[in-house]
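This is what each chain is made of:
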Amino acid sequence: MRHIARRGVVVCGVAGLLAPLTLALGAAPAQAASCTTRTGPYQKQVEKFLGRPVDGRQSAADCSAIRAFQSKHGITPTIGYAGPVTWGVMDLMNKQKAVGKKPNRSGKCPTNKGRIACVDLTLQLSWIQDGSRLVYGPVPVRTGRDGYETRTGLKKVYWRDLHHVSSLYNVPMPYSQFFDGGQAFHSVGLSMWNPPGSHGCVNMTTKDAKKYWSLLRKGDDVYVYGRKPGT
């Protein structure tokens, strides 16, 4: 079983660190892309999110601001187009911010388990609670892409490896805490909003993965629920 689990971990870890896929075949690398003059279908929403004048018309300044956002979060092609992927990331950020410090307002994550790590796939948020008391979070996470979804349900942390490295691909997976086969919490050097997602792991920033490592122990419960947008 451990052999099978570790093979799963390898796949999951590679997905977390691979360069983001281009959204269209033949799209140029972000560094070589030129700024588009096209007005996108979500132009006004994107302008508002970025604090730009909301006129619904693409400008050079709009394009520059959109490209900077796309580059920061690994959204390709990086051409400053206010399309559905860019707006989808921004919309998710708005929804995450609206949660505030009450991520379990719906009561979907069990409050009768003591210390538990909750993962809301719909909002791409995770937190640790003890009963109804919020211990840490919520923090943005990056879960499995379409076809490699992070599996839902009640699980337990069964293996922790602080300096885990994939033996097959030599990919580091710091602060790994495995809770379902090869699916684990671990840190990655990517934006949490980098599409399309992992191969099943719950990716976290180094700061958050380190905090989870300090708060969770082997045998602690993990509850994953919801559905990631686009899966």
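Summary of the structure given here. (Residues numbered from 1 in each chain as written. Predicted model: local features only at pLDDT ≥ 70, side-chain atom pairs only at ≥ 80, totals over all residues. Heavy atoms only, no water.)

**Some words on the overall build of the protein**
So, point 1. Tallying secondary structure elements over the protein gives 5 helices and 9 strands in all.
So, point 2. Ordered by position from N to C terminus, the α and β elements of the protein give α-α-α-α-β-β-β-β-β-β-β-β-α-β.
So, point 3. Sorting the 231 residues of the protein into buried and exposed places 48% on the buried side.
So, point 4. The long-range fraction of contacts in the protein, counting pairs at least 24 apart against all pairs at least 6 apart in sequence, stands at 62%.
So, point 5. Carbon and sulfur atoms provide 55% of the accessible area of the protein, an area that totals close to 11500 Å². (Helix = DSSP H or I, 4+ residues; strand = E, 2+ residues; numbered from the N terminus. Buried < 20%, exposed > 50% of the residue type's maximum accessible area, 1.4 Å probe, protein only. Contact = heavy atoms within 4.5 Å. Areas by Shrake-Rupley, 256 points an atom, 1.4 Å probe, with all protein chains shown as cover.)

**Observations concerning the side chain of Arg145**
So, point 1. With respect to the helices and strands, the residue Arg145 is situated in the loop between β3 (133–140) and β4 (153–156).
So, point 2. With no salt bridge to any partner, buried Arg145 finds its closest opposite charge in Asp146, at an N-O distance of 9.4 Å.
So, point 3. Here Gly197 takes part through its backbone oxygen, which lies 3.3 Å from a polar atom of the side chain of Arg145. (Lys, Arg positive; Asp, Glu negative; His and termini not counted. Salt bridge = Lys/Arg side-chain N within 4 Å of Asp/Glu carboxyl O. Polar contact = N/O pair within 3.5 Å; in protein donor to acceptor, adjacent residues only side chain to side chain.)

**Some thoughts on the nonpolar core**
So, point 1. Within the largest apolar cluster, 20 residues are counted, with the highest numbers of intra-cluster contacts made by Ala117, Ile128, Phe185, Met204, Tyr212 and Val222.
So, point 2. Of all elements in the fold, only β1 (115–120), β3, β6 (172–180), β8 (202–204), α5 (206–215) and β9 (221–225) reach the threshold of two or more residues within this core.
So, point 3. Take this core: its biggest share by element is 4 residues, from α5.
So, point 4. When neighbours within four sequence positions are excluded, Phe185 is seen to be in contact with Ala117, Val119, Ser126, Tyr175, Ser176, Gln177, Phe179, Val202, Met204, Tyr212, Leu216 and Val222. (Core = buried A, V, L, I, M, F, W, Y, C linked by side-chain atoms within 4.5 Å.)

On their own, these measurements won't tell you what the molecule is for.
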